[in-house]
Amino acid sequence: MIRFAFTLLVIYICLGSAHAQEPRFIFDRDSTTTQSVAPKSVKKKQTISKSVNDSISGDSLSKVPAAIPAWTIDARLGQRIPMIMDTLFANYHQQALVDGQSVAMGYLGNWGSPAQNKIFIERGEGSAFSYLDAFNYCYKKPEDHVFFDTKKPYSNITYWSGGNRKSKEERFTGAMSLSFNKKFSLGFDVDYVYARGYYQSLANKQINYNIVSSYKSDNYQMHVFVGNNNFVNSENGGLKGLSSDFENTSPDALPVNMTETWNRVKGKRLYMTHKYTVGYNNQDSTTFTPVASLILTSNYVDQQRKLSSNQTQLLDDSIYNRNKELVFDTSNLNDRMAYYSVKNTFAISLHEGFRKWVKFGLTAFVEHDMSRYAMPGTVYPSLSTEKFADHTILVGGVLSKQKGEFLRYNLSTDVALLGHNLGESRLQGDLSSQINIGDKQALVKASAYIKNLKAQFFETNYMSRYYKWSEDKAVADRLQIKHSNFDDVRRVFIGGEIYLPFSQSRLSGGIETIQNYVYYSKKDTDTPISVFQNTSNMQVITARVDQKLNAGILHWDNQVVFQKSTNQEVLPLPTLSLYSNVYIQLKLAKVLNIQLGVDAHYHSKYYAQGYDPALLQFYNQKAMEIGNFPIATAYANLHLKKTRFFLMMYNVGQQFLDTEYYSVPNYLVNPMVFKFGLSWNFTD
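Residues numbered from 1 in each chain as written. Predicted model: local features only at pLDDT ≥ 70, side-chain atom pairs only at ≥ 80, totals over all residues. Heavy atoms only, no water.

**Student:** What is the right way to read the overall build of the protein chain from this model?
**Tutor:** The secondary structure content of the protein chain amounts to five helices and 34 strands. For the protein chain, the residues scored as buried account for 55% of the 684 residues in total. The contacts in the protein chain between residues at least 6 apart in sequence include a share of 66% that link residues at least 24 apart. Entry remark: accessible area of the protein chain is about 29500 Å², with carbon and sulfur atoms responsible for 59%. (Helix = DSSP H or I, 4+ residues; strand = E, 2+ residues; numbered from the N terminus. Buried < 20%, exposed > 50% of the residue type's maximum accessible area, 1.4 Å probe, protein only. Contact = heavy atoms within 4.5 Å. Areas by Shrake-Rupley, 256 points an atom, 1.4 Å probe, with all protein chains shown as cover.)

**Student:** Looking at this structure, I do not really get empty space enclosed by the protein. What am I missing?
**Tutor:** Empty space among the atoms can be located by rolling a probe the size of a water molecule over them. If you walk through the whole model with that rule in mind, you get nine cavities of 30 Å³ or more. If you add up the space inside the largest cavity, you get close to 130 Å³. In this structure, the largest cavity is lined by 16 residues; those nearest its centre are D99, M105, H603, F629 and I631. For the lining of the largest cavity, the elements supplying multiple residues, two or more each, are β3 (105–107), β27 (592–603), β30 (629–640) and β32 (662–664). In terms of residues, the lining of the largest cavity owes the most to one element, β27, which gives three residues. (1 Å grid on protein atoms, 1.4 Å probe; cavity = no way out; pocket = protein on both sides within 12 Å on 5 of 7 lines; lining within 4 Å. Points joined across faces, edges and corners; volume = space filled by probe spheres on them.)

**Student:** What is the right way to read unusual backbone geometry from this model?
**Tutor:** Trans peptide bonds make up the majority, and among non-glycine residues the majority have a negative phi. Phi at A589 is positive, roughly 55°, even though this residue is not glycine. Along the polypeptide, A589 turns up in the loop between β26 (576–588) and β27. Assessed through its relative accessible area of 69%, A589 is described here as exposed. Although it is not a glycine, K641 sits at a positive phi angle of roughly 55°. Along the polypeptide, K641 turns up in the loop between β30 and β31 (643–650).

**Student:** Before we go on, may I ask you to explain the nonpolar core in this structure?
**Tutor:** As a rule of thumb, soluble globular proteins bury nonpolar side chains together. Judged by nonpolar contacts, the single largest core of 82 residues is most densely connected at Y131, V265, F458, Y467 and Y517. No other element matches strand β23 (residues 505–521), which puts five residues into this core. If we ignore the near neighbours within four places in the chain, the residues touching Y517 are F120, R123, V489, F532, Q533, N534, M538, V570 and L571. (Core = buried A, V, L, I, M, F, W, Y, C linked by side-chain atoms within 4.5 Å.)

**Student:** Would you mind showing me how to read the side chain of N637 here?
**Tutor:** With respect to the helices and strands, the residue N637 is situated in strand β30. Under the relative-accessibility criterion, N637 is labelled buried at 0%. A distance of 3.1 Å separates polar atoms of two side chains, one belonging to N637 and the other to H93. Apart from residues lying up to four places away in sequence, N637 is in contact with F89, A90, N91, Y92, H93, N593, I594, Q595, F645 and F646. (Polar contact = N/O pair within 3.5 Å; in protein donor to acceptor, adjacent residues only side chain to side chain.)

As C-alpha cells, this is what we get:
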C-alpha cells in the first residue's frame, strides 16, 4: 500500500497537475435541473448541504484563488451549475468516516462497505442497478464531479490510515486538472481503498478512477466523463450471537456466519454532453448574450454484480431460511447480475434574460433509454442467463428563473410514454428568496414534488441461487416461483427551509406521503427475505435544526433530526438522530490553524434494517433493536499553508460505556482506533 501510494505521489508531483476539493453546495442546490448562485448581497457562502461536513463547516482556508471558475453539471441536460471552490478545514476528519456522510448512517464497519443513510429524506429514489445504492457515498457519477478552469496546473493527493497492520484501513486519492487554454480543460482522479477490517471476513477493496474533459466557448460547450468503478466486499453475514456472549474475545476472533464469500460490483460509464448556443454580442461587442441552445447528451452505463463463494453452503437454513420447495445448486455460489443502458437526450432551451421582458428560461426535451438486464439462468448448475430488454421514451420540460436576488425558482416535469416505465412521471419544483427579519437578511426555500414511479427491475424480478420471484406471471408460473404484481409507487412531498446567517441557524422540514412503497423484509424467523409492497398510504415527517454557537475560540455545533414514520413495520426510522461537536479553533503564529474537539453521532433505539449479502440490500427485521449510544471521536484538525491533516481517536466511548456498538443489526462498528490523514495541494 505504501509503495503504491508513493509511486502515485511521484507521478502526480512530476505531472504538476490540478484538482479541486470535494464539491461544496450553495444554498439553492435543488432537486430539479439547475442551481443558482448565492445572492450578491450575501457575502459569505451559505451552505445547505445534506452532509455533516458541508452543513457544519463554512470556513475556507483554500490556497486556490477564489476566482477560479468551478461548476458541476446536470446529468440530463449538461447545464453548468456554478460552484464556489472551498477547502474544508473544520471537521476535516469527518470526511474519513462513514458516519460523517450524514447525521446517522448504517454500515458494516469499514470505509467502503455497503451503507444506508438513516435519514430517509436524504435517500433519494434509488438507481436502476440497485446494487450500486449501497455504495452511493463513494461512487462518483457525472453530476458529482467538479469541473474547473485553472490558469496554473493544480493537484491534490490525500492519504488516510487507521488501525494496526492486521486491521488497517487505508485510502489514497489523487486528482489533477489543467487547462490547455481558456476553452479546453482535462482532468483525472483516482480513489484506492483497502480496508482489512477488525472482524473476520469483512475486508473490502475499491479501485475507482475517472477521466474528465470540458470545452466551453460562447457558441459551444462540451463535457466528457469516463468513469470506472470496482468494489470488492468480503462478506461475513454478521456476527453469530451478541458480542457480549464472547467477553474477552478479540474482535478478529468473534464467530461470523460466513467466510470466503465476496460481493463484487464493477462497471464503467461513458458520458458526453454537447450544447450549441446561438445568440448575439452586446453593443460593446465583448459580452455574448445567449438566446437559445440545442443540447445532446449521451450516457452509456455498464454495471455488473457478482456474488461468489468458496463455501458449498453459503448459509445454513437457520440464517437464510431458503424456500425448500425450490431445487438449488449445491456447487460453489456464482450469481451474476448485469445492467446495460444507452441513454440519449435531445433538448431545446430558451435562455433567461436575452431580452429584459424574458424573465425565465424554458427547456423541452425528449429522452430514449435502451436498457438490458441479465440474471442467472433458471436451471443450475448451467451457465445460462435470463436476459430482458426494454426501451423507454420520455418527454419533459424545465421552467426556471435563476437571476435576481429576491426570487428564484425551478419547475420540472417528465413522463414516460413507452416501455417498462410507461406512465412513470415526475413533477417537482422549488422556490427560494431573501427576506428581512428586522434589519437582517435570511434565506428561505420551499420545495415539493409529485412522483408516480415504477418499481425498479431488480426489485420486481429476481433470480439467483437463494431467491427467486418475478412480476412477469408467465415467468413465475413457468418457474413455479413467487409472482410479484407491483402497482406504481406514488410519492407526494412538500417541505421548506430557512437559513438565518446572523444566528448561524438553519431550520428545515417536510412531510411526504407514500403509497405502494416497495421494501425488502424478513417477516418472521420462519420465512425467507422477500420483496413486498405496502398498498396503503403512510407518511414520513421530518424536522431538522442546525445550530452553531460560539464564544471566542470555543464552538458548539449541533444537528438534530426528528423523523416520524407512520408505519414502522414498513419503513423503520430512528425517531431522533443528532450530531454534536464541541471544539476550540485558533491560529498559531498566523500560519497554523488548529481545531481540537470531541464530536458524536447518536440516534434513538429502533428496529434498524438488517443487511443481506445475497441480495446486497437492506431489509426490515424485528429480531434486534440497535441505537441509544454515541459514536464519539476525539480529534485534531490542522491546516498549514497547502497542507491539511487530522489526528483522531475514533469510538472513544467504547472504553467508558457498557454497550454493544451495532451500526446495522449483527454488524459492529470498529472498536476504538487511532486514525490520521493528510491532504496536500500542488499549485505549480
